[in-house]
Structures are given as C-alpha cells and as structure tokens.
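# Structural characterization, general
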Amino acid sequence: MNLTQKQIAEIADWLDCGMTCYFHRPTGEIEWHPNPEDPFFDPEPWEQVIEKIENDWGNYERFEKMDSREVFEVMENFAHFISDLKFRERILDRLSNRKPFQNFKILIDSSAYREDWFDFKKEAYIQYVKRLIEERE
C-alpha cells in the first residue's frame, strides 16, 4: 500500500472526525462515512458511498479511528509534552479522575494550549495511520 503524505493526513483528519475511512488501492481514492454501528448513524445520506465500497470490497483498506485507550494515551502524552509543569499537573489530575475525556476537553478548550493540542493530536493521528499501514505491509 503506497500512500502519499497528503493521503495519510487526509485519512488522519477523517478519523479524528470520527469517520471510518477506506483507501482504494487501485485508484488511491479515499472514501469515508460515519461508523454504521453508531446508534445515531443514519445510512440514507451515505448509501452511495457504502454501496461503492461494498461492491469493490477486496480493493479497499479500511481505517478506523483510535479506540478510547489510544486516545487517552495521546492525551497523557500531550500532558508530558507541555513544558508548563503547573498546567501539566492539572491535565494529569483531570485524566486521573472521573470523566477524563470530558474534563480534559473542558480544560484544554479554555486554555492557551488549545491550538497546541490540535496540532499534537493531528500528528498523533498521522503517526497512527502510518503505524496501521506498516502493520499491513
């Protein structure tokens, strides 16, 4: 599987948005749609994409978003990336209490580190996609 950096970044972006992505090996085309197992999934707007993928299933590589354990690790890694020790401790404290995802988001969204978090998470997703590709080769 030979993906460009641009394709890897595109897949990473869609995965970060919660989509399931598919890479069509013969053409290099990338398709995506929400997870059909999500209880709020409405298949109607995605019928053509799903049908296209199902009709040529053998030529697609499927990419799914990180699981909650992996996302938690990214949040912990981000905390250790922060040079501000006081803020780092606040993040780690939030991650060690109830509702760590919600509390992390609230803390980051109201901080000066919001854009740093987005950049860090984007790079983490790019590395995640690269790892998935390596595992399949």
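Look up a bit, the structure's there.
Notes on the structure follow. (Residues numbered from 1 in each chain as written. Predicted model: local features only at pLDDT ≥ 70, side-chain atom pairs only at ≥ 80, totals over all residues. Heavy atoms only, no water.)

What follows covers the pattern of salt bridges. All told, the structure shown has 13 salt bridges when counted by the stated rule. Salt-bridge contacts for Arg-62 lead to Glu-64; the nearest nitrogen and oxygen are separated by 2.9 Å. Looking at Glu-64, the relative accessible area reads 41%, which means it is partly exposed. Between Arg-114 and Glu-115 there is a salt bridge whose closest N-O contact spans 3.9 Å. (Salt bridge = Lys/Arg side-chain N within 4 Å of Asp/Glu carboxyl O. Buried < 20%, exposed > 50% of the residue type's maximum accessible area, 1.4 Å probe, protein only.)

Core analysis: the biggest nonpolar cluster contains 31 residues, and Ile-11, Leu-15, Phe-63, Phe-78, Ile-91, Phe-104 and Val-129 have the highest contact counts within it. Ranked by residues supplied to this core, first place goes to helix H6 (residues 114–136) with 8 residues. Excluding residues within four positions of it along the chain, Val-129 makes contact with Ile-8, Ile-11, Ala-12, Leu-15 and Phe-63. (Core = buried A, V, L, I, M, F, W, Y, C linked by side-chain atoms within 4.5 Å. Helix = DSSP H or I, 4+ residues; strand = E, 2+ residues; numbered from the N terminus. Contact = heavy atoms within 4.5 Å.)

Of note, Ile-126 is situated in helix H6. Distance from Ile-126 to Ile-82, taken between C-alpha atoms, is 20 Å for residues 44 residues apart in sequence. Beyond its immediate stretch of four places on either side in the chain, Ile-126 contacts Ile-8, Ala-9 and Ala-12.

All right, on to the packing of helix H4 (residues 85–95) against helix H5 (residues 100–109) then. For the pair H4 and H5, interaxial distance at closest approach is 8 Å and the crossing angle is 155°. Classed by the angle they form, the pair H4 and H5 counts as roughly antiparallel. Contacts between H4 and H5 pair Phe-87, Arg-90, Ile-91, Arg-94 and Leu-95 from the former with Pro-100, Asn-103, Phe-104, Ile-106, Leu-107 and Ile-108 from the latter. Grouping the amino acids of the contact of H4 with H5 by side-chain chemistry returns 8 nonpolar, 1 polar and 2 charged. (Axes fitted to C-alpha atoms, helices over the stretch in contact; angles between N-to-C directions. Parallel < 35°, antiparallel > 145°, perpendicular 65-115°, else oblique. Nonpolar A, V, L, I, M, F, W, Y, C, P; charged D, E, K, R; others polar.)

Here we come to the state of the cysteines. Inspection of the entire model under this criterion finds 0 disulfides. In this structure Cys-17 is a free cysteine whose sulfur lies 9.0 Å from that of Cys-21, the closest cysteine sulfur available. Judged by its relative accessible area of 0%, Cys-21 falls in the buried class. (Disulfide = S-S within 2.5 Å.)

Moving on: H5. Turning to H5, its buried residues number three or more, namely Pro-100, Phe-104, Leu-107 and Ile-108. All buried residues of H5 fall inside an arc of 95° around its axis, so they share one side. On the buried face of H5, the contacting elements are helix H3 (68–81), H4 and H6. (Arc of directions from axis to C-beta.)

Okay, the sheet that holds strand S1 (residues 19–24) next. Pairing within the open sheet is antiparallel, and its 3 strands lie in the order S2-S1-S3. Edge strands, defined here as strands with exactly one partner in the open sheet, are strand S2 (30–34) and strand S3 (60–63). With strand direction ignored, the average angle separating the axes of adjacent strands in the sheet is 25°. With 4 bridges connecting them, S1 and S3 associate as antiparallel partners. (Pairing = 2+ DSSP bridges.)

From the geometry alone we can't say anything about function, so treat these as descriptive.
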